[in-house]
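Per-entry structural report
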Amino acid sequence: MIAEVLLVLAGHSSSLFPTDHTVHPAFAPLLHPGEEQCLESLAQIALRYRKVKRACNTLARPTSRYFSALCATLNQILKEGYEVLVVETEAKVLQRDSSLVASGSFVPLSSLRAVFAERAPGAGPLAPGPLIDLLLTRSQTGIHRVSTIYTRLSEAVQRVWIAQLQALLIHGTLSLNDPLADKKYALLEGAVPSCVSAQSRDSITYVGRAIGTVKAAKWEKQFPPDLAREHTKLLSSVLPHDQYAFDRVIADIRTAVSEWLWLNVLTHKDVDEAVESLANYFLLRNGEFALSLIREIERLKLSRLTARAVPSTMIREQDLHLALLRASLGTTAQQDPSLAHLHFRMPAGPIRPLLPSLAGAAAKDLSSSLSQPAEATSFDDFLLGTPLVLTYSVTWPLDLFLHASDLQTYAVLFSYLSALRKTHTRVHTCWTALSNAQRARRRWTGLGEGGTAEDLEARKQLLRCGWGVVREMNWFLDTLLGYVMTDVIDVEFRRMKALLLGRPVGGIGRQMTGSGGPAESASNVHLGPSSKSTSSMHPAQSTSSNLAASGAPPLDFTTLRNIHTTYLERLLTGSLLSNPALTNIIRMILEVCERFAAQVERWGGDVLPALLFEGSLATGAQKVGEAVAERYTIVGEIDEALQTLLDAFYEQLSLSTTMQPFSAAADATKSALLHNTSMANTTGFHTFVRARRGKRLEGDEEVRRHVERLLLRLDFNGEFSHPRRKRRAGQGVPESEDILKQGGLA
């Protein structure tokens, strides 16, 4: 039978297929349904081949050189692409090739069909999307009559598609034949033509799911009929190929549906609870849970590092989810139902934890990294050592308010704040270890550090340098974290809450600096940790009823989205994440802090080596011990890198607010070093908070004041405006210089 099939494919007739490509009725009962389908598919390929050959022979007979050239080219194409394939397939069968002949004895029809699969006819009619694309492409021709015919055909198909779209967007129903979406209202592949933009596709899914869900839930208030008739009229007036008009109509429908949902389905209480949950967990307003989570992740890393079995040394997403639950025990988050929406995602997959790196960048590498144009800096690998993203599962109807871009912004803020908090905790732990070690050492050495006279002076300088470094780190992290959490997140959160409640926000930004009067303070939202009791202040089920008591006009959905978007923009600006140059410097400062804390931890929690340790005291011609000299070099390098980064941070922060050139008194080398970095961010904070429709946003000036407050905090004791001298003895520090003068306190 295989020989018969190959002859049919080569263009010969056969009794197996008396008419067209259908198998003979007498032979069909002897075949399996799958075998019959394979035979008919191969016969259909052969039938089309014979039709093309017959047409070429007929058209080549007239004495026309054009038709002769056309038919000759068609015959050549068939010979090279099809006839050669038939001959090669027959040769493989005769040679018992393993790719066709199974066990060297029989040829499955499915294998033969797979060889000619590229030439098989289509499985069925085209989907509506590709069909409309095909007709629109064919209509783009210079022949007027052909273009007119294909245009009419495409418009007829588009009207049918618009009718199905009306059923989805107006009534939330799906057609049984050729539906546009699945049961979850996700658009099917090929259901939408390519001329429909991605934004319109998203809006179609959004509106269809909203209307369908409200209808299926048999909500108390259904979509108003007059608005449905208006949307039907709008959809009937456009076709998908007119992309701009179609996008405008879809956007208007989405806006109208969103407004109706905000007034009837998505309540003010839902929005209030979601915003508070996101602030508690992503912006670390729930401080005890944030610290507990950092400790749990550190404990998880330590347990995996000390595990012996190979499978138990990996950290997976389920381990992090368990760490979330453990971190909530004993905190206010333990009974919070919003905790179930939080999940950690590891884009790189499961990992094996590593110890903190003790390698530091050389001075030339630090200078080159500061002088290069700033790029986007990520902090998502600080908690675990690999990219770690905190996600929040949003269900309907909250997904009408919170978009994917908003959740990505919250994830970026969480990575940044958790990196600051984790590094701050590490430095505090380092401070505690140094304090305990010095207290234990002073029990035996009294007021000195032990050793001979030369060793005593060297150990004293090393200890003073180490304490100066950890004090500098602690001061900077305290200042930066306190500024971000108090002057930015807390102020902006209370400002947004006041806007949602329709209250005046004039005194919120000034309350932290003490300039707000009693009248202003009375109108502000209470300052304190977020809790569910705040949500109980809004028991109403619609925005109009929620704001009726305050006398404020109803908050429409577009204004709600603008308030939340502006809130996120102000958070990014105030926390310095909108400035790539500053975030790059902040990350390098955090890495230096992590390196120092890891180094002290490796040394047993003390900068000084124990007196009885090898290399702690001088031997022979040495003036100081080898261990003391080695540690002094390491601490000195960390101190120098930290001072360079802090100076760069202050100067870059000053440039971003004033956009003025460096003063003549500043270090010319350092100014030239930072000039390239500042030029990469010439927009600064002024253009990030952009004007809309020719008007400045309310509170724009307050956003710029955030950074000025940070500058005042950093230079409170003249730390940067009056640079102090270096701590290291080799750089000209008088031996009698008091430690209070080093800290700017005397």
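Summary of the structure given here.

What counts and what doesn't
- Residues numbered from 1 in each chain as written.
- Predicted model: local features only at pLDDT ≥ 70, side-chain atom pairs only at ≥ 80, totals over all residues.
- Heavy atoms only, no water.
- Helix = DSSP H or I, 4+ residues; strand = E, 2+ residues; numbered from the N terminus.
- Buried < 20%, exposed > 50% of the residue type's maximum accessible area, 1.4 Å probe, protein only.
- Contact = heavy atoms within 4.5 Å.
- Areas by Shrake-Rupley, 256 points an atom, 1.4 Å probe, with all protein chains shown as cover.
- Salt bridge = Lys/Arg side-chain N within 4 Å of Asp/Glu carboxyl O.
- Expected span 1.5 Å × (residues − 1).
- Polar contact = N/O pair within 3.5 Å; in protein donor to acceptor, adjacent residues only side chain to side chain.
- Axes fitted to C-alpha atoms, helices over the stretch in contact; angles between N-to-C directions.
- Parallel < 35°, antiparallel > 145°, perpendicular 65-115°, else oblique.
- Nonpolar A, V, L, I, M, F, W, Y, C, P; charged D, E, K, R; others polar.
- Core = buried A, V, L, I, M, F, W, Y, C linked by side-chain atoms within 4.5 Å.
- Pairing = 2+ DSSP bridges.
- Disulfide = S-S within 2.5 Å.
- Phe/Tyr/Trp six-rings, centres within 6.5 Å; stacked < 30°, edge-to-face > 60°.

All right, on to the overall build of the chain then. Looking only at helices and strands, one finds 25 helices and two strands in the chain. The buried share of the chain, reckoned over its 746 residues, is 45%. Excluding contacts between residues fewer than 6 apart, the proportion of contacts in the chain whose partners are at least 24 apart in sequence is 75%. Carbon and sulfur atoms make up 56% of the accessible area of the chain, which totals about 38,300 Å².

The subject of this paragraph is the pattern of salt bridges. As enumerated under the stated definition, the model contains 18 salt bridges in all. A salt bridge links glutamate 594 to lysine 422; the shortest N-O distance between them is 3.7 Å. Of this pair, glutamate 594 sits in helix α21 (residues 580–602) while lysine 422 sits in helix α14 (residues 404–445); the two residues are 172 residues apart in sequence, bridging distant segments of the chain. Where salt bridges share partners, they join Glu298, Lys301, Lys422, Arg426, Glu594 and Glu601 into one cluster.

Turning next to helix α11 (residues 287–306). For α11, built from 20 residues, the straight-helix expectation of 28 Å at 1.5 Å per residue is met to within 8% by its first-to-last C-alpha distance of 29 Å. For α11, the full list of buried residues reads Phe289, Ala290, Ser292, Leu293, Ile294, Glu296, Ile297, Leu300, Lys301 and Arg304.

Next up on the list: the environment of aspartate 381. Relative to the helices and strands, aspartate 381 is located in the loop between α13 (363–371) and β2 (389–392). Residues aspartate 381 and serine 415 lie 34 residues apart in sequence; the distance between their C-alpha atoms is 7.9 Å. Discounting chain neighbours no more than four positions away, the residues touching aspartate 381 are Thr386, Pro387 and Arg587. Here the side chain of aspartate 381 touches arginine 587 through a polar contact of 3.0 Å, side chain to side chain.

This brings us to the packing of helix α1 (residues 2–9) against helix α2 (residues 33–59). Helix packing geometry: the angle between the two helix axes and the distance between the axes. Packing of α1 against α2 leaves a shortest axis separation of 8 Å and a crossing angle of 30°. Classified by the angle between their axes, α1 and α2 sit roughly parallel to one another. On α2, the residues touching Val5, Val8 and Leu9 of α1 are Leu39, Leu42, Ala46, Tyr49 and Arg50. A class-by-class count of the residues in the contact of α1 with α2 yields seven nonpolar, no polar and one charged.

Let us now look at the nonpolar core. Core analysis: the biggest nonpolar cluster contains 144 residues, and Leu165, Leu480, Leu576 and Phe649 have the highest contact counts within it. Ranked by the residues each element gives to this core, the list is headed by helix α15 (residues 453–500), at 20 residues.

Let us now look at the pairing of strand β1 (residues 342–345). Across the two faces of β1 the burial differs, with Leu342 and Phe344 buried and His343 and Arg345 not buried at all. Relative to β2, β1 runs antiparallel, the two being bridged by four bridges. Across the sheet, the residue bridging to leucine 342 is tyrosine 392, located in β2.

Okay, the packing of helix α8 (residues 225–236) against helix α9 (residues 243–264) next. With their axes 10 Å apart at the nearest point, α8 and α9 run at an angle of 170° to one another. Between α8 and α9, the angle is such that the two are roughly antiparallel. Counted together, Leu227, His231, Leu234 and Leu235 of α8 and Val249, Ile250, Ile253, Ala256 and Val257 of α9 form the full contact between these two elements.

With phi around 55°, arginine 96 is a residue other than glycine that occupies positive phi space. Mapping arginine 96 onto the fold places it in the loop between α3 (65–94) and α4 (109–115). A positive phi angle, near 75°, is found at leucine 576, a position not held by glycine. Judged by relative accessible area, leucine 576 falls into the buried class, the value being 0%.

Turning next to the state of the cysteines. Under the criterion given, the structure shown has zero disulfides. With no disulfide partner, cysteine 56 has as its closest neighbouring cysteine sulfur the one in cysteine 71, 4.8 Å distant. There is no disulfide at cysteine 593, and the cysteine sulfur nearest it, in cysteine 430, is 9.7 Å away. Residue classification places cysteine 593 among the buried positions, given a relative accessible area of 1%.

Our focus in this paragraph is the packing of aromatic side chains. Tallied over the entire structure, the rule returns 10 aromatic pairs. Judged by centre distance (6.1 Å) and plane angle (45°), the ring pair of tryptophan 161 and phenylalanine 246 falls under tilted. Within this pair, whereas tryptophan 161 is found in helix α6 (residues 144–171), its partner phenylalanine 246 is found in helix α9, the two being separated by 85 residues in sequence. Of the two residues examined, tryptophan 161 and phenylalanine 246, each falls in the buried class. Relative to phenylalanine 649, the ring of phenylalanine 476 lies with its centre 5.3 Å away and its plane at 90°, an arrangement referred to as edge-to-face. One end of the pair, phenylalanine 476, is in helix α15; the other, phenylalanine 649, is in helix α22 (residues 626–658), and 173 residues separate them in sequence. Summarising the burial analysis for this pair, phenylalanine 476 and phenylalanine 649 share the class buried. A network of ring pairs unites the aromatic residues Phe282, Phe344, Tyr392, Tyr410 and Phe414 as a single cluster.

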